[in-house]
Amino acid sequence: MKILVATEKPFAAVAIDGIRKVCDEAGYELCLLEKYTERKQLLDAVADVDALIVRSDIVDNEVFDAAKQLKIVVRAGAGYDNIDLAAATAHNVVVENTPGQNSNAVAELVFGMLVMAVRNMYNGTSGTEIKDKTLGIHAFGQVGRNVARIAKGFGMEVSALDPYCPDEVIVEAGVKPVHSVEDLYKNNKFVSLHIPATAETRGSVGYELITKLPKGGVLINTARKEVIDEPGLAKALEERPDLKYVADIKPDSAEELKAKFGERVFFTPKKMGAQTAEANINAGIAAARQCVAYLRDGIDRFKVNK
Ligand code: 3PG
């Protein structure tokens, strides 16, 4: 059995060591395609593999067509919007993610970016603190829960909106449940986005919501650029010079936003939320174990396609 790790943005070397160990122990062969630049390299590499581990790499119908032996794809991470689930199912391939494995890394980056925003991008001017300020968590999944835990350490007042999460879970975490998205934005100085990119959420955060933020509001996006309505964001920033937007994913209109709003916006050059040794080890090894569990024992506990 062959397991291919195909990552445009590679894992830390120590994570690859761990993945190799899992493969060796199972008697499976590990193949590596890291930092590839051409799609053709991916299409060639998948030709004879039984399992595929990816990060944000695009796995579409063409990849499934090229991967004649493929039985499972594991997205080492949370969001699987890069994988065509219907094509996977049509090709009889199981798709899994590794929920929770990289969520602390992403949550820590939220605060790295928030503190940077309220300290005026460390430009030497006087900023504000986040203690006693209100934080709204938009979606209370694994990352949102870690954000809440860290926010408590900062002494923040935390609320969360998540129609898919029971109120009890939110309350148990010491967080106030919110039931309207407008209220989440209206009543919190800072809002941290953790919604996945789906048909329902694409472009769902725009002018109306962003301008609901109180004075000095900061929107932090470590989720997906697709959930933002970019023209709406630009309009909101234009009208409200007190607002800031910091994101771990360059928007399509990054250059324009940067030119217009300067230090009020910040974008990482590459998605960095899960770029830590720990997150790579956790998600990478979990992905390898899940491949082995499926290929050897038919276990598909984290299956996300129907
Ligand atoms: C995720 O969905 O797990 C995060 O966005 C991390 O993505 P990455 O593995 O491409 O860094």
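Residues numbered from 1 in each chain as written. Predicted model: local features only at pLDDT ≥ 70, side-chain atom pairs only at ≥ 80, totals over all residues. Heavy atoms only, no water.

### Re the site of the ligand
Okay, step 1: Near the ligand you find Lys-9, Arg-55, Ser-56, Arg-75, Gly-77, Ala-78, Gly-79, Asn-102, Arg-224, Lys-271 and Ala-274, and these make up its full shell.
Okay, step 2: In this structure, an oxygen atom belonging to the ligand sits 2.9 Å away from a side-chain N or O atom of Arg-55.
Okay, step 3: Taking Asn-102, its side chain carries an N or O atom lying 2.9 Å from an oxygen atom of the ligand.
Okay, step 4: With the chains in place, 95% of the 320 Å² that the ligand exposes on its own is no longer accessible.
Okay, step 5: When the residues that make up the shell around the ligand are grouped by side-chain class, the tally is two nonpolar, four polar and five charged. (Near = heavy atom within 4 Å. Polar contact = N/O pair within 3.5 Å; in protein donor to acceptor, adjacent residues only side chain to side chain. Areas by Shrake-Rupley, 256 points an atom, 1.4 Å probe, with all protein chains shown as cover. Nonpolar A, V, L, I, M, F, W, Y, C, P; charged D, E, K, R; others polar.)

### Some remarks on the state of the cysteines
Okay, step 1: Under the definition given, this model contains zero disulfides.
Okay, step 2: Here Cys-23 is not disulfide-linked; the sulfur of Cys-291 is the nearest cysteine sulfur, at 7.6 Å. (Disulfide = S-S within 2.5 Å.)

### Observations regarding the side chain of Arg-224
Okay, step 1: Here Arg-224 is to be found in the loop between β10 (218-221) and α10 (230-239).
Okay, step 2: Looking at Arg-224, its side chain comes within polar contact range of the side chain of Asp-81, at 3.1 Å.
Okay, step 3: Other than its neighbours up to four places away in sequence, Arg-224 contacts Arg-75, Gly-79, Asp-81, Ala-197, Ile-249 and Lys-271. (Helix = DSSP H or I, 4+ residues; strand = E, 2+ residues; numbered from the N terminus. Contact = heavy atoms within 4.5 Å.)

### Observations concerning unusual backbone geometry
Okay, step 1: One non-glycine residue, Lys-35, lies in the positive phi region at around 50 degrees.
Okay, step 2: Relative to the elements of secondary structure, Lys-35 occurs in the loop between β2 (29-34) and α2 (39-45).
Okay, step 3: Residue classification places Lys-35 among the exposed positions, given a relative accessible area of 61%.
Okay, step 4: The phi torsion at Asn-120 lies on the positive side, around 55 degrees, for a residue other than glycine.
Okay, step 5: Its place among the elements puts Asn-120 in the loop between α5 (103-118) and β6 (134-138). (Buried < 20%, exposed > 50% of the residue type's maximum accessible area, 1.4 Å probe, protein only.)

### Observations concerning the side chain of Arg-240
Okay, step 1: By the secondary structure assignment, Arg-240 is in the loop between α10 and β11 (244-247).
Okay, step 2: Separated by 3.3 Å, the side chain of Arg-240 and the backbone oxygen of Pro-214 make a polar contact.
Okay, step 3: Side chain to side chain, Arg-240 and Asp-242 meet in a polar contact 2.8 Å long.
Okay, step 4: Filtering out sequence-adjacent residues up to four positions away, Arg-240 remains in contact with Thr-211, Leu-213, Pro-214, Lys-215 and Arg-264.

### A short note on the sheet that holds β11
Okay, step 1: Across the sheet, seven strands lie side by side as β8-β7-β6-β9-β10-β11-β12; this open sheet has parallel pairing. In the strand order of this sheet, the two ends are held by β8 (176-178) and β12 (265-267), each with one partner. Put simply, the sheet's adjacent strands are angled 20 degrees from each other on average, direction ignored.
Okay, step 2: Against the sheet, helix α6 (residues 142-154) touches β6 and β7 (157-161), its axis set at about 170 degrees to β6. (Pairing = 2+ DSSP bridges. Axes fitted to C-alpha atoms, helices over the stretch in contact; angles between N-to-C directions.)

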